[in-house]
Amino acid sequence: MFPNSILGRPPFTPNHQQYNNFFALSPTLYSHQQLIDAQFNFQNVDLSRAVSLQPLTYGNVSPIQTSASPLFRGRKRLSDEKNLPLDGKRQRFHSPHQEPTVVNQIVPLSGERRYSMPPLFHTNYVPDIVRCVPPFREISILEPREITLPEAKDKLSQQILELFEACQQQVSDLKKKELCRTQLQREIQLLFPQSRLFLVGSSLNGFGTRTSDGDLCLVVKEEPVNQKTEARHILTLVHKHFCTRLSGYIERPQLIRAKVPIVKFRDKVSCVDFDLNVNNIVGIRNTFLLRTYAYLENRVRPLVLVIKKWASHHEINDASRGTLSSYSLVLMVLHYLQTLPEPILPSIQKIYPESFSPTIQLHLVHQVPSDVPPYLSKNESTLGDLLLGFLKYYATEFDWNSQMISVREAKAIPRPDGIEWRHKYICVEEPFDGTNTARAVHEKQKFDMIKDQFLKSWHRLKNKKDLNSILPLRAAVLKR
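What you see is a predicted model, and the numbers here were worked out from it, not measured in a lab.

Each value, and the rule that gives it
- Residues numbered from 1 in each chain as written.
- Predicted model: local features only at pLDDT ≥ 70, side-chain atom pairs only at ≥ 80, totals over all residues.
- Heavy atoms only, no water.
- Helix = DSSP H or I, 4+ residues; strand = E, 2+ residues; numbered from the N terminus.
- Buried < 20%, exposed > 50% of the residue type's maximum accessible area, 1.4 Å probe, protein only.
- Contact = heavy atoms within 4.5 Å.
- Salt bridge = Lys/Arg side-chain N within 4 Å of Asp/Glu carboxyl O.
- pLDDT = per-residue confidence, 0-100.
- 1 Å grid on protein atoms, 1.4 Å probe; cavity = no way out; pocket = protein on both sides within 12 Å on 5 of 7 lines; lining within 4 Å.
- Points joined across faces, edges and corners; volume = space filled by probe spheres on them.
- Pairing = 2+ DSSP bridges.
- Axes fitted to C-alpha atoms, helices over the stretch in contact; angles between N-to-C directions.
- Phe/Tyr/Trp six-rings, centres within 6.5 Å; stacked < 30°, edge-to-face > 60°.
- Lys NZ or Arg CZ within 6 Å of the ring centre and 35° of its normal.
- Parallel < 35°, antiparallel > 145°, perpendicular 65-115°, else oblique.
- Left-handed = near helix turned anticlockwise from the far one by under 90°.
- Polar contact = N/O pair within 3.5 Å; in protein donor to acceptor, adjacent residues only side chain to side chain.

### Examining the overall build of the protein
Piece 1. Looking only at helices and strands, the protein has 17 helices and 7 strands in total.
Piece 2. Each of the 480 residues in the protein was classed as buried or not, and the buried ones make up 50%.
Piece 3. Taking contacts inside the protein between residues at least 6 apart in sequence as the whole, the part at least 24 apart equals 68%.

### Some words on the pattern of salt bridges
One side chain can pair with another of opposite charge once the charged atoms of both are near each other.
Piece 1. The tally for this structure, following the rule as stated, stands at 17 salt bridges.
Piece 2. Aspartate 275 is the salt-bridge partner of lysine 264, the closest N and O atoms lying 3.0 Å from each other. In this pair, lysine 264 sits in strand E4 (residues 262-267) while aspartate 275 sits in strand E5 (residues 272-278), placing the two residues 11 residues apart along the sequence.
Piece 3. By relative accessible area, aspartate 275 is classed as buried at 18%.
Piece 4. Through salt bridges with shared partners, one network takes in Glu251, Arg252, Arg266 and Asp273.

### Section: the confidence of the model for the protein
Any segment with low pLDDT has predicted coordinates that should not be analysed in fine detail.
Piece 1. Confidence along the protein averages 77 in pLDDT terms, with 70% of residues attaining 70 or more.
Piece 2. Counting interchain partners and residues more than four positions distant, the pLDDT-below-50 stretch residues 1-140 has 218 contacts.

### A few points about empty space enclosed by the protein
Piece 1. Tallying each qualifying case throughout the model produces 2 cavities of 30 Å³ or more.
Piece 2. Its boundaries defined by the atoms lining it, the second largest cavity holds a volume of some 60 Å³.
Piece 3. Top element by residues in the lining of the second largest cavity is helix H10 (residues 281-294). It accounts for 3 residues.

### Some remarks on the pairing of strand E7 (residues 411-414)
Piece 1. Inspection of the sheet shows strand E6 (residues 403-406) paired to E7 by 4 bridges, in the antiparallel sense. Looking at E7, one finds that methionine 404 is bridged to isoleucine 413.
Piece 2. Where E6 folds back on E7, the antiparallel hairpin that results is connected by 4 residues, among which alanine 410 adopts a positive phi of roughly 60°.

### So, the sheet that holds strand E2 (residues 214-219)
Piece 1. With mixed pairing, 5 strands are arranged side by side in an open sheet as E1-E2-E5-E4-E3. The sheet terminates laterally at strand E1 (196-200) and strand E3 (250-256), the two strands that pair on one side only. For this sheet, the mean inter-axis angle between neighbouring strands, taken without regard to orientation, is 25°.
Piece 2. Relative to E2, E1 is paired through 5 bridges, and the arrangement is antiparallel. Of the residues in E2, the one forming a bridge with leucine 197 is leucine 218.
Piece 3. Sitting on the sheet, helix H9 (residues 230-245) is in contact with E2, E3, E4 and E5, with an inclination near 160° to E3.
Piece 4. Sitting on the sheet, H10 touches E1 and E2, and the angle it makes with E1 is about 45°.

### A short note on the side chain of asparagine 379
Piece 1. Structurally, asparagine 379 can be placed in the loop between helix H14 (368-371) and helix H15 (383-397).
Piece 2. On the basis of relative accessibility, which here comes to 11%, the residue asparagine 379 falls in the buried class.

### With respect to the pairing of E3
Piece 1. With 5 bridges connecting them, E3 and E4 associate as antiparallel partners. Looking at E4, one finds that glutamate 251 is bridged to arginine 266.
Piece 2. Between E3 and E4, which pair antiparallel and follow one another directly, the connecting turn spans 5 residues.

### Quick notes on the packing of aromatic side chains
Piece 1. In total, this model carries 15 aromatic pairs according to the counting rule given.
Piece 2. With a centroid separation of 6.0 Å and 75° between ring planes, the pair formed by tyrosine 336 and phenylalanine 390 is classed as edge-to-face. One end of the pair, tyrosine 336, is in helix H12 (residues 326-338); the other, phenylalanine 390, is in helix H15, and 54 residues separate them in sequence. Each member of the pair, tyrosine 336 together with phenylalanine 390, is buried.
Piece 3. Plain terms: the ring middles of tyrosine 394 and phenylalanine 398 are 5.8 Å apart, the flat faces sit at 55° to each other, and that makes the pair tilted.
Piece 4. Of the aromatic side chains, those joined through ring pairs into one cluster are Trp310, Tyr336, Phe390, Tyr393, Tyr394, Phe398, Trp400, Tyr425, Phe447 and Phe454.
Piece 5. Sitting over the face of the ring of phenylalanine 198, arginine 196 holds its NZ or CZ atom 5.1 Å from the ring centroid.
Piece 6. Here the guanidinium or amino end of lysine 462 rests over the ring plane of tryptophan 458, the centre of that ring lying 4.2 Å away.

### So, the environment of threonine 292
Piece 1. Relative to the elements of secondary structure, threonine 292 occurs in helix H10.
Piece 2. Residues threonine 292 and glycine 206, 86 residues apart in the sequence, show an inter-C-alpha distance of 8.5 Å.
Piece 3. In this structure threonine 292 touches Ile348, Phe356, Val368, Pro369 and Val372, once residues within four positions along its chain are discounted.

### Quick notes on the packing of H10 against H12
Two numbers describe a pair of packed helices, the interaxial angle and the distance between the axes.
Piece 1. In contact at an axis separation of 12 Å, H10 and H12 are set at 40° when each is read in the N-to-C sense. In terms of their interaxial angle, H10 and H12 are classed as oblique. In this structure, H10 meets H12 at a crossing whose hand is left-handed. Touching Asn286, Leu290 and Tyr293 of H10 are Tyr327, Val330, Leu331, Leu334 and Gln338, all from H12.

### What to know about the side chain of histidine 335
Piece 1. Secondary-structure assignment places histidine 335 in helix H12.
Piece 2. Note on histidine 335: relative accessible area 0%, which makes it buried.
Piece 3. At 2.8 Å, the side chain of histidine 335 and the side chain of tyrosine 393 are in polar contact.
Piece 4. Those residues in contact with histidine 335 that sit more than four places away from it in its chain are Tyr393, Tyr394, Phe398, Ile405, Ser406, Val407, Lys411 and Ala412.

Written out as structure tokens, the structure is:
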């Protein structure tokens, strides 16, 4: 039926599968045990130890040595590669029908860079190991729904729009982060072959700026992991891997042994700082929930960005210092827009319960934002009006002592009686797991500072109607 086939099956995989079938090649090339040893060597022995495989012989040519050098090396050819015989570099697998080889179908390389079979640790070739969940199409994430910005009818609204357009994250910024995620996922899959690496947080939820850090979530299984033991052990291996194999491309990797441990590092190529956690699956779900809200109504993203800039300027946007996290601030803005007499946002978890179920499989969550149509609100308030209303709502109307902010319910609800909510100054419900996202605000002094800033900024902005009165625009734009 097919030349060069086995049991009537086509010799090559379909195009959409070719990228991840390197390990489906004939067992005569690499033995199964050699592949297992190569993939899991870092998990059971010191990561700094060199990985070596037996020399491979293709047909009658001399052995081609595998390389243990980092996968992210540049294109410059190493000296030992220069010494390889030309026929060794270009030798194809034997095929009686002279069909193109499987490897060249899977990994097309041009000219001098083409190998009949790339060594397992060759420079730019990285096999994409079969994953625990089906891969999703990342390109759909990089192209959000087209949305027209609102019209500015007054000076304050114009200032908000100009700040947004100057500081919002560009598609090029997101693509840099996505490229780093893709490369790191392939590296980490040498340690944990069935893992997946997700880009989460402000970089992907629609509320990022040009200087937003990248947040990464490493999923090793879809069940929770113990953050004190399992997650810390996994991140120790990842940190060591970064230090030993990727030091030329990643700088300052740090293992932070916090309640939820992370590895912090900087990617030298994109110049982006990243935080990497393990199995914070709720972070993946809420990233796409927020992304849906971001593109549901055209006033949401500009309003959120200016409020984050305002909070950062007044030093009330840093959970590590006992104030509000960016996630809590975004939920506070969404809650305010849901509770207006004529709401600008609904509760999409109520309207689309199946799409935002906590049990939906992870490889499907990215599809949800494109499935939800825009929300048409009858509220015609300008961005300036909404910013003033947001400050007034939390300065004078919201009851901090007895109420909890709930985006899931689209209203303020009574505080629960659970221990997590007792003696907490600010309660913001996480839409999926119901925890308090504002638990970092645990000192009365910091709480008073936050409330005071809402009140002062509301009075100033109400009197001046100039964004510079609460947020110096030139400094905010320069900071991006």
